[in-house]
Amino acid sequence: MRTFSGIAASPGIVMGKLCIIDRSRSIVPEYSIPTESVSHETARLELAIENTRIELETLKSRLAETSGEDHLFFIETHLMILADERLVSETSEIIRTGMINAEGALRRTLHRYHEAFANIDDPYLRERISDVETVIERVLRSMSGETAEPLPQADSKMIIAAHDLSPADMLQINRSSVLAVITEIGGRTSHTAILARALDLPSVMGVEGITDLLLDGAPVIVDGVSGTVIVDPDQETFQSSLRRKQHYEYVEYELLKTADLPAITLDGHQMHLRGNVEIPEEGASVLAHGGSGAGLYRTEMLFMNRSFMPDEEEQLLIYRAMQQAIAPHPLTIRTLDAGGDKLLEGMDQAVELNPALGVRAIRLSLSMPEEFKKQLRAILRVSADGPVKIMFPMISGMEEVRRAKSLLEEIKLELAASDISFDKEIQVGVMIEIPGAVILADLLAREVDFFSVGTNDLIQYTLAIDRSNEQLSHMYQPLHPAVLRSLRRIVQAAHGAGIPACLCGEMAGDPLYLPVLLGLGFDELSMGAGSLLRVKQILRRCTLERAAAIAEGCFAFSTAAEVEMYLKSQITLDVAESID
Ligand code: PEP
Ligand code: MG
């Protein structure tokens, strides 16, 4: 028996037979070449890149027929990496100066990319190295004469283990013959992991050395909840994992039964519980978990890992897929929230000394109005199909809202003049994530149709705690009295102006905070699909009156730790008292 620890990339516990597929790690010999072979090796490199391009184009057309257009941006990303001239020029340079073969030079280029990506702070961007690796592996396979085989299709159920699986591989997975996937590289925010969750396929990633074991066909347990893989389990381990699996599935099953129950308190107060989404695949999961729409669609996904911005038609295609996935419920589309640590490729951005306070989100969009207008047009056009709202991120003052709204009005006039339909009454909201916006909330509330609080950033800016700095994570406190006072002020300002107060930061998905947020008067919470049912469970066990008292009680304390202790005592009591 061998136990491996990795990253819990997609939940679920399954047992099955291991099927190791070696599709992405080629054995690459590196050897010296004489001067006269340099041009031959360079030509081999160029030919392999061209063959790989043709292979990807073919895969793209095949997927367009079988899976629809929605998934194609993964392959587009790979085609773009392949089209980057630096791949050829840097590798050719290594062939020439190092006097080595094309395969060896390509491996060295990959090594350089690894080093460059390792220095990137943003974990999402750092993991994009896996896309580069996938592309380079394809080129290497092409040079060795191997073709990229489709994933093996088995009669019986199997657990796939691979050094890496590309998003395109994930899209080819036959859900009826594959139980789970294990990879040696990749992380929770990789496209592959996102698709595993979207496909509801248990997955553990970052399991070093799993494919080195010559254990094809061995029994294996994949625990996507804890991030553990056990190969050849003994009887006792198998039995205990089976009990864990049964318990996990029982809890999920019981929770799923509550998906259709209304999100109301014991005294009949309704709260909208919606999902946060990034790709159209997540829409179905939000609905399956009882979400009444998507309160935050992070559109950045579509803009990243590419050297040019998506045009209006491409955006429309993806937004439409998302709208259809969420229909008939409302979809709140947030305009591009890039910049800062989420740099877009191909954009001429200066390196900023203080990127979290730099040209990001709405500031970035307003700095490139032509691109911003494309996004606004695409959002307005999709609003003709069903309930869609638009939301601007990181608003710091009235000018920004007015400028964004006036661009929106401009686009509305253009569309109307061209007889293109859109929702003329589309609701426009702003994210409240900057302390200045909290202070100005009463004024901002008069300008918009709703507020949505981004607590991830609001906490960061209120407490001056970098949300991605591990060393300060203990100080990143949602229950900090300053944060709670800000939340109270935001709700009061919204309700004072007669508009709803929503909250879509991570805070919304923690059941412990539910009574406080309900008691403060929030009308809507938006969270990851996996949190919806647990939050609703607590909501259904509360009364609005009790929640208001709990929320009020929080203001008697002066530290986050005190508030948390108080809250835990109250919630245990509340739930115990009201279990049906
Ligand atoms: C937030 O800041 O809370 C939020 C929802 O936006 P993001 O996490 O995308 O910055
Ligand atoms: Mg934010």
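Only a predicted model underlies this, so the values are computations on that prediction, with no experimental measurement involved. (Residues numbered from 1 in each chain as written. Chains lettered and ligands numbered in written order. Predicted model: local features only at pLDDT ≥ 70, side-chain atom pairs only at ≥ 80, totals over all residues. Heavy atoms only, no water.)

Observations regarding the pattern of salt bridges
No. 1: According to the stated counting rule, one finds 33 salt bridges in the structure shown.
No. 2: In this structure, the salt-bridge partner of Asp-337 is Arg-360, at a minimum N-O distance of 3.2 Å. Here Arg-360 lies in the loop between strand E11 (331-334) and helix H13 (361-367) and Asp-337 lies in the loop between E11 and H13, a separation of 23 residues in the sequence. Each of the two residues, Asp-337 as well as Arg-360, counts as buried. (Salt bridge = Lys/Arg side-chain N within 4 Å of Asp/Glu carboxyl O. Helix = DSSP H or I, 4+ residues; strand = E, 2+ residues; numbered from the N terminus. Buried < 20%, exposed > 50% of the residue type's maximum accessible area, 1.4 Å probe, protein only.)

Comments concerning the side chain of Ser-92
No. 1: Relative to the elements of secondary structure, Ser-92 occurs in helix H3 (residues 85-98).
No. 2: A relative accessible area of 15% places Ser-92 in the buried class.
No. 3: Among the polar contacts listed, one links the side chain of Ser-92 to the backbone oxygen of Val-88, at a separation of 2.7 Å. (Polar contact = N/O pair within 3.5 Å; in protein donor to acceptor, adjacent residues only side chain to side chain.)

Some details on the packing of aromatic side chains
No. 1: In the structure shown here, the tally under the stated rule is three aromatic pairs.
No. 2: Residues Tyr-297 and Tyr-319 carry aromatic rings whose centres are separated by 5.8 Å and whose planes lie at 90° to one another, so their mutual orientation is edge-to-face. Of this pair, Tyr-297 sits in strand E10 (residues 294-298) while Tyr-319 sits in helix H12 (residues 312-326), placing them 22 residues apart in sequence.
No. 3: We classify Tyr-297 as buried; its relative accessible area is 1%.
No. 4: Since its relative accessible area comes to 0%, Tyr-319 is described here as buried.
No. 5: Taking 6.2 Å as the distance between ring centres and 65° as the angle between the ring planes, the aromatic pair formed by Phe-372 and Phe-392 counts as edge-to-face. Of this pair, Phe-372 sits in helix H14 (residues 369-382) while Phe-392 sits in strand E12 (residues 388-392); the two residues are 20 residues apart in sequence, bridging distant segments of the chain. For the residue pair Phe-372 and Phe-392, the accessibility class agrees, reading buried in each case.
No. 6: It is Lys-389 that lies over the ring of Phe-450; its NZ or CZ is 5.5 Å from the centre.
No. 7: Seen from the ring of Phe-422, Lys-424 lies directly overhead, with NZ or CZ sitting 5.1 Å from the centre. (Phe/Tyr/Trp six-rings, centres within 6.5 Å; stacked < 30°, edge-to-face > 60°. Lys NZ or Arg CZ within 6 Å of the ring centre and 35° of its normal.)

Some details on the coordination of the magnesium ion (ligand 2)
No. 1: Protein-derived coordination of the magnesium ion (ligand 2) comes from Glu-433 (OE) and Asp-457 (OD), at a distance range of 2.1 to 2.3 Å. Here Glu-433 is found in the loop between strand E13 (427-432) and helix H16 (435-439), whereas its partner Asp-457 is found in helix H18 (residues 455-463), with 24 residues between them in sequence. There is no split in this pair, since Glu-433 and Asp-457 are both buried. (Donors = N, O, S within 2.8 Å, 3.2 Å for Na, K, Ca; no water.)

Let's talk about the pairing of strand E8 (residues 228-231)
No. 1: Judged by which residues are buried, E8 turns out to be covered on both faces: Thr-228 and Ile-230 on one side and Val-229 and Val-231 on the other are all buried.
No. 2: Sheet topology note: the strand E1 (residues 2-5)/E8 ladder contains four bridges and is antiparallel. In the strand pairing of E8, Thr-3 is matched with Ile-230. (Pairing = 2+ DSSP bridges.)

Brief notes about the environment of Ile-426
No. 1: Of note, Ile-426 is situated in the loop between helix H15 (398-417) and E13.
No. 2: For Ile-426, a relative accessible area of 3% gives the class buried.
No. 3: Spatially, the C-alpha atom of Ile-426 lies 7.4 Å from that of Ile-390, the residues being 36 residues apart in sequence.
No. 4: Once you skip the residues sitting within four places of it in the chain, Ile-426 turns out to touch Leu-380, Ser-383, Val-388, Lys-389, Ile-390, Lys-412 and Asp-449. (Contact = heavy atoms within 4.5 Å.)

Here's the deal with the sheet that holds E11
No. 1: A barrel is described by the order of its strands in space; here eight strands give the closed sequence E9-E10-E11-E12-E13-E14-E15-E16, paired in parallel fashion. Direction aside, the axes of adjacent strands within the sheet are offset by 25° on average.
No. 2: As judged from the four bridges shared by strand E9 (residues 272-277) and strand E16 (residues 524-527), these two strands associate in the parallel manner. What sits directly across from His-272, in E16, is Glu-524.
No. 3: Helix H19 (residues 481-496) rests against E13, strand E14 (450-453) and strand E15 (501-503) of the sheet, and its axis sits at about 170° to E14.
No. 4: Each of E9 and E16 touches helix H21 (residues 532-540); the most contacted strand, E9, lies at about 165° to it. (Axes fitted to C-alpha atoms, helices over the stretch in contact; angles between N-to-C directions.)

Some points on the side chain of Asp-164
No. 1: Note on placement: Asp-164 falls in the loop between strand E4 (158-162) and helix H7 (167-172).
No. 2: Polar contacts involving the side chain of Asp-164 include one to the side chain of Thr-134, which spans 3.4 Å.

Considering the packing of H12 against H14
No. 1: Contact geometry of H12 with H14 gives a least axis separation of 9 Å together with a crossing angle of 40°. For the element pair H12 / H14, the angle class is oblique. Crossing of H12 against H14: the hand is right-handed. Across from Glu-312, Glu-313, Gln-315, Leu-316, Tyr-319, Arg-320 and Gln-323 in H12, the residues of H14 making contact are Lys-374, Gln-375, Arg-377, Ala-378, Ile-379, Arg-381 and Val-382.
No. 2: Tallied by class, residues from the contact of H12 with H14 come to five nonpolar, three polar and six charged. (Parallel < 35°, antiparallel > 145°, perpendicular 65-115°, else oblique. Left-handed = near helix turned anticlockwise from the far one by under 90°. Nonpolar A, V, L, I, M, F, W, Y, C, P; charged D, E, K, R; others polar.)

Focus on the sheet that holds E4
Two pairing modes exist for strands in a sheet, parallel and antiparallel, and in both the strands are linked by backbone hydrogen bonds.
No. 1: Taken in spatial order, the eight strands of this open sheet run E1-E8-E7-E3-E4-E5-E6-E2, and their pairing is mixed. Both outer strands of the open sheet, E1 and strand E2 (7-10), are each paired with one neighbouring strand and no more. Neighbour-to-neighbour, the strand axes of the sheet open up by a mean angle of 30°, direction not taken into account.
No. 2: The pairing of E2 with strand E6 (residues 203-205) spans three bridges and is classified as antiparallel. Its bridge partner lying in E6, Ile-7 is registered against Met-205.

Details of the environment of Leu-539
No. 1: Checked against the element boundaries, Leu-539 lands in helix H21.
No. 2: The class of Leu-539 is buried, set by a relative accessible area of 0%.
No. 3: Once the C-alpha coordinates of Leu-539 and Thr-265 are considered, the two residues, 274 residues apart in sequence, prove to be 5.6 Å apart.
No. 4: Setting aside residues up to four positions removed in sequence, Leu-539 forms contacts with Ala-263, Ile-264, Thr-265, Leu-266, Met-271, Leu-273, Leu-514 and Leu-518.

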